[in-house]
Amino acid sequence: MSWPDKTPPSAGEKRSIGAGVFRRCEGCGETVTADDLAANFEVCPRCGHHHKLSASGWRALLCDESALEAWDEHLVPDDPLRFSDGRSYKDRVSAAQKKTSAREAIEIGKASLGGRPIGYGAFVFAFMGGSMGSVVGEKITRLFERAAEEELPVVLLSASGGARMQEGILSLMQMAKSVAALERFRQRRLPFLSVLLHPTTGGVAASFAFLGDVNIAEPKALIGFAGPRVIETTIRQTLPAGFQRAEFLLEHGMIDAIVPRLSMKQTIGQLLDHLQDGRAARTPR
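Since the structure is predicted, the reported quantities are computational estimates derived from the model, not experimental observations.

Colleague: Sorry, what's going on with the layout of surface pockets here?
Modeller: Over the atoms, a rolled probe matching the size of one water molecule traces out where space is still vacant. Computed from the structure, the largest pocket encloses a volume of approximately 770 Å³. Contributing elements (two or more residues each) for the lining of the largest pocket: helix H2 (55-62), strand E4 (106-113), strand E5 (116-123), strand E6 (154-160) and strand E7 (192-201). At four residues, H2 tops the list of elements feeding residues into the lining of the largest pocket. Split into classes, the residues belonging to the lining of the largest pocket amount to 18 nonpolar, ten polar and twelve charged.

This is how it looks when you write it as structure tokens:
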């Protein structure tokens, strides 16, 4: 008969019980199983706090059968400035692609939401903070252009730190290019619903993100051009409580609605029905 070894593990051998199985809610501080959070699309089942949801999670939530007919997947970033900040831009892009299994910081394509065909776009925040470089701007432009050709409404989910610094002025040019494409899209009298997630900042917030026919935000999402800390440092004043959060923006007329994540698909569907019915009523026969 042999007895089990009761020798305690050394400090280097200690294992964390439940690592990856349980998570602490950032809202209520309670411990929740990772499976429960994932099944509830990263919304705490106890307090309703919204944790970040991946682009694939949003696709599963909004798109019928999680299906997306991807557009322009062949577009990948280049390094025209040969930028390096101690690490080359090419290396950073390659690392982001490996980490996220995405080719860039946005996915676009044709999807179906509640049986309605739509042009769909969603930022991949895990890819370099959802930053908008030349390829992201080009894909947003093509999203509006192709949706106009196919007469599809556009639903675009933004979650971004802003323009991509490694591409300099080329990234800033995407603001004007994407807004110009949106204006051409508007000429077709097609609906554009802008969904602002946490966080939506910088050049994305300063261009198309606030230009939807309806601008929807998630609860407590940080939305604005510069972050509160940067603004406070610049103007040397204390900002109001909740400044740049979705609730503050709704109160001051910057967005149209705050919609809980689990109600997002139903709300978007209702808005599309309303806007498309209105378009049909105005379109000459």
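Having seen it, we continue.
Colleague: Whenever I open this one, a nonpolar patch on the surface confuses me. Can you help?
Modeller: On the surface, Ile 169, Leu 172 and Met 173 cluster together to form a nonpolar patch covering roughly 310 Å² of accessible area. Mapped onto the elements, Leu 172 comes out in helix H5 (residues 169-186).

Colleague: So what exactly am I meant to see when it comes to H5 here?
Modeller: Residue pairs three or four apart in sequence face the same way in an α-helix, which turns once every 3.6 residues. Across its 18 residues, H5 extends 27 Å between first and last C-alpha, which sits within 8% of the 26 Å expected from 1.5 Å per residue. For H5, the full list of buried residues reads Ser 171, Gln 174, Ser 178, Ala 181, Leu 182 and Phe 185. Elements in contact with the buried residues of H5: helix H4 (134-149), E6 and E7.

Colleague: Teacher, can you tell me more about the pattern of salt bridges here?
Modeller: A side chain with one charge may pair with a side chain of the opposite charge, provided their charged atoms come close. Scanning the entire structure with this criterion turns up 18 salt bridges. A salt bridge links Glu 104 to Arg 164; the nearest nitrogen and oxygen atoms lie 2.9 Å apart. Note that Glu 104 is positioned in the loop between helix H3 (89-100) and E4 and Arg 164 in the loop between E6 and H5, a separation of 60 residues in sequence. By relative accessible area, Arg 164 is classed as buried at 0%. The residue Arg 188 makes a salt bridge to Glu 151 at a minimum N-O spacing of 3.4 Å. Taken as a pair, Arg 188 in the loop between H5 and E7 and Glu 151 in the loop between H4 and E6 lie far apart in primary sequence, 37 residues in all. On the basis of relative accessible area, Arg 188 is assigned to the partly exposed category, the value being 36%. Among the ionic contacts, a cluster of salt bridges with common partners joins Asp 72, Glu 138, Arg 142 and Lys 177.

Colleague: Honestly, the packing of aromatic side chains in this entry has me stumped. Any pointers?
Modeller: Geometrically, a pair of aromatic rings is defined through the distance of the ring centres and the angle of the planes. Using the criterion set out here, one finds four aromatic pairs in the structure. A ring pair is formed by Phe 144 and Phe 192, whose centres lie 5.1 Å apart and whose planes are at 90°; its orientation type is edge-to-face. Of this pair, Phe 144 sits in helix H4 while Phe 192 is found in strand E7, placing the two residues 48 residues apart along the sequence. On the numbers, 5.4 Å between centres and 70° between planes, the contact of Phe 243 with Phe 248 is edge-to-face. Here a set of aromatic residues connected by ring pairs shows up, and it is made of Phe 144, Phe 185 and Phe 192.

Rules and cut-offs
Residues numbered from 1 in each chain as written. Predicted model: local features only at pLDDT ≥ 70, side-chain atom pairs only at ≥ 80, totals over all residues. Heavy atoms only, no water. 1 Å grid on protein atoms, 1.4 Å probe; cavity = no way out; pocket = protein on both sides within 12 Å on 5 of 7 lines; lining within 4 Å. Points joined across faces, edges and corners; volume = space filled by probe spheres on them. Helix = DSSP H or I, 4+ residues; strand = E, 2+ residues; numbered from the N terminus. Nonpolar A, V, L, I, M, F, W, Y, C, P; charged D, E, K, R; others polar. Patch = residues over 30% accessible without salt bridge, like charges linked within 9 Å, V, L, I, M, F, W, Y side chains within 5 Å. Areas by Shrake-Rupley, 256 points an atom, 1.4 Å probe, with all protein chains shown as cover. Salt bridge = Lys/Arg side-chain N within 4 Å of Asp/Glu carboxyl O. Expected span 1.5 Å × (residues − 1). Buried < 20%, exposed > 50% of the residue type's maximum accessible area, 1.4 Å probe, protein only. Contact = heavy atoms within 4.5 Å. Phe/Tyr/Trp six-rings, centres within 6.5 Å; stacked < 30°, edge-to-face > 60°.

No statement about biological role is implied by the geometric values presented.
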